[in-house]
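Take a look at the letters that make up each chain.
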Amino acid sequence: MKSSAYHRTTLKALVAVSLTASLALATGCAKSEDDDSGSKDKNATATESKDAGQVVETPAAGGKGCTLDAYGAKSIDLSSATVGFSQSEKEANPFRIAETASLKDEAKKRGVKLLAVNAQSQFSKQISDVQDLIAKGADLLVIAPLNSDGWEPVLRAASAKKIPIVTIDRKINADPCKDYVSFIGSDFVEQGKRAADKMIEATGGKGEVAILLGAAGNNVTTERTKGFKDRIAEKAPDLKVVFEQTGDFAREKGQSVTEQLIQSKPGIKGIYAENDEMGLGAVNALKSAGKKPGAVKIVTVDGTRNAVKQIVDGWISGVIESNPRFGPLAFQTLDTFTKGEEVQQDIVIKDSAYDKTNAEADLGKAF
């Protein structure tokens, strides 16, 4: 039976993170530097996004929790704490722009000092970035990991100072409530399954399809691939995956890989891109090859405004959302935890989806 503290914590989290307050999203490239002001790049624009906030899935029965005592950390007042945030990738990707903006906006809203750094897609830099945040006195850490493995130096340094860590959008291969407190993110296997459902619907469940894989070395790529393949095998055995190549979650790479694909597999019927940027690269390649909208069915994951617009224009069949607005939920988790209350070790968020039935009406919800 779950404790009353757990029920109180869950209720607080659900109320707090279901708020649909608009978050200002930067659309310009953010600088990689300490920032406690929440300010944006001078070229950034603000997007009002209705129902944009993350909402937690109902906790699964038997879900494991974590407390200050179990983790071995000391109680701390979040309002007077210094929070370090490590972004993994260059902020040319709308997901990363929105994610960083959300963390900065929430810190500013709460009056919390935030030290933000960007690893520029270099894992060795991310490790040194987080070590530097610890050296500068960060009391709490929020990490968007580039890779899932290789975090031992950071975990040792944080453990020595009993610094709580929350990871967002990707997991690290370590022990929850020992090496880190909680992971906050989507169910990536389920995202892959939902993408497969959209592909089956778009193609009629027959033909040859390709996968533009995300970057190697993290759980997102592995799990989005597994979910897609498992669902295809289960529901559409006549839909064959005949091509898989990494596009590194980048638009340019997605375009070049798709250019190779349509040369080697001219009869390809569908492309599953494991993020929107690669899917947009695929659209560019198909346009350059003289293809018509919808000639090759494309399904992607993320929910960027550019990708959703391509549904309206007929180039993309479906987009599975992966909500990047982690700020409110990450800070609510830290607040609950530092007060001595229990938080879940795995905090899974709900994701919506876009297709031709809602893309135009819901474009304002995209980031």
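Every chain is numbered on its own, with residues counted from 1 as its sequence reads. It should be noted that, the model being predicted, local features are given only for residues of pLDDT at least 70 and side-chain atom pairs only at 80 or more, the latter also being counted only at that level, while totals for whole chains, interfaces and linings use all residues. For side-chain calculations, the full set of non-hydrogen atoms in the structure is used, while hydrogens and water are omitted.

1. Observations regarding the sheet that holds strand S9 (residues 270-273)
Two pairing modes exist for strands in a sheet, parallel and antiparallel, and in both the strands are linked by backbone hydrogen bonds. Read from one edge to the other, the open sheet built from 6 strands follows the order S8-S7-S9-S10-S11-S14, with strand pairing classed as mixed. Two strands lie at the open edges of the sheet, namely strand S8 (239-246) and strand S14 (353-354), each paired on one side alone. At least two bridges found by DSSP between two strands are what make those strands a pair. Helix numbers and strand numbers start at the N terminus; a helix is a DSSP run of H or I with at least 4 residues, a strand a run of E with at least 2. Relative to S14, strand S11 (residues 318-321) runs antiparallel, the two being bridged by 2 bridges. Across the sheet, isoleucine 320 pairs through a bridge with alanine 353, a residue of S14. Here, residues are in contact when the closest pair of their heavy atoms is within 4.5 Å. Between N-to-C directions, angles span 0 to 180 degrees; the directions come from axes that are lines fitted to C-alpha atoms, helices contributing only their stretch in contact. Of the strands in this sheet, strand S7 (207-213), S8, S9 and strand S10 (297-302) are in contact with helix H7 (residues 219-235), which crosses S7 at around 170 degrees. Running over the sheet, helix H8 (residues 251-264) touches S7, S8 and S9 and is turned about 135 degrees from S8.

2. Thoughts on the packing of helix H6 (residues 188-203) against H7
Contact geometry for H6 and H7: axes closest at 7 Å, N-to-C directions at 45 degrees. Overall, the two elements H6 and H7 adopt an arrangement that is oblique. Seen along the crossing, H6 lies across H7 with a hand that is right-handed. Of the residues in H7, those touching H6 at Phe188, Val189, Gln191, Gly192, Lys193, Ala195, Ala196, Asp197, Met199 and Ile200 are Asn219, Val220, Glu223, Arg224, Gly227, Phe228, Arg231, Ile232 and Lys235. Note that Gly is not counted as nonpolar here; it falls among the polar residues with everything else outside the nonpolar set of Ala, Val, Leu, Ile, Met, Phe, Trp, Tyr, Cys and Pro and the charged set of Asp, Glu, Lys and Arg. Here the residues of the contact of H6 with H7 are counted per class, giving 9 nonpolar, 4 polar and 6 charged. What sets the label is the angle itself: under 35 degrees gives roughly parallel, over 145 gives roughly antiparallel, 65 to 115 gives roughly perpendicular, and the rest give oblique. Each crossing gets its hand from how the near helix is turned against the far one by less than a right angle, where anticlockwise is left-handed and clockwise is right-handed.

3. Things to note about empty space enclosed by the protein
Using only the protein atoms, space was sampled on a 1 Å grid; points where a 1.4 Å probe fits but cannot get out form cavities, open sets with protein on both sides within 12 Å along at least five of seven lines form pockets, and lining residues are those with an atom within 4 Å of a point. Grid points are joined across faces, edges and corners, and a volume is the space filled by probe spheres set on the points. Per the counting criterion, the structure on display carries 2 cavities of 30 Å³ or more. Reported here for the largest cavity is a volume of approximately 130 Å³. In terms of lining residues, the largest cavity is bounded by 13 residues, among which Phe95, Arg96, Arg170, Arg224 and Asp302 are the most central. Residue assignment for the lining of the largest cavity shows that the elements contributing at least two residues are helix H3 (94-110) and H7. Across the lining of the largest cavity, the residue classes tally to 4 nonpolar, 3 polar and 6 charged.

4. Considering the side chain of glutamine 310
Inspection of the secondary structure puts glutamine 310 in helix H10 (residues 305-312). Excluding residues that lie within four positions of it along the chain, glutamine 310 makes contacts with Leu280, Val283, Lys287, Trp315 and Ile316.

5. Considering the state of the cysteines
A covalent bond bridging the sulfur atoms of two cysteines is what the word disulfide describes. Cysteine sulfurs are considered disulfide-paired once they come within 2.5 Å of each other. A complete count under the given rule lists 1 disulfide for this structure. Cysteine 66 shares a disulfide with cysteine 177; S-S distance 2.1 Å. Residues cysteine 66 and cysteine 177 share a disulfide whose torsion about the S-S bond is about 85 degrees; that sign makes it right-handed. Of the two residues, cysteine 66 is situated in strand S1 (residues 65-66) and cysteine 177 in the loop between strand S5 (165-168) and strand S6 (182-185); the sequence distance between them amounts to 111 residues.

6. Brief notes about helix H9 (residues 276-288)
In this scheme, a helix's expected span is set at 1.5 Å multiplied by one less than its residue total. With 13 residues, H9 should cover 18 Å at 1.5 Å per step; its first-to-last C-alpha distance of 18 Å lies within 8% of that length. For H9, a buried count of 10 out of 13 residues is recorded, marking the element as mostly surrounded by other parts of the structure. Where H9 is concerned, the buried positions are Asp276, Glu277, Met278, Gly279, Leu280, Gly281, Ala282, Val283, Ala285 and Leu286. Glycine 290 occupies a position one or two residues after H9 and carries a positive phi of about 80 degrees. Between buried and exposed lies partly exposed: a residue is buried under 20% and exposed over 50% of the maximum accessible area for its type, with that area taken using a 1.4 Å probe on protein chains only.

7. Remarks on the packing of H9 against H10
Two measures define how a pair of helices packs: the angle their axes make with one another and the distance between the axes. Where H9 meets H10, the axes come as close as 9 Å, and the angle between the chain directions of the two elements is 45 degrees. The orientation of H9 with respect to H10, classified from their angle, is oblique. H9 and H10 meet at a crossing whose hand is left-handed. Between H9 and H10, the residues in contact are Asp276, Leu280, Val283 and Lys287 and Asn306, Ala307 and Gln310, respectively. Looking at the contact of H9 with H10, its residues break down into 3 nonpolar, 2 polar and 2 charged.

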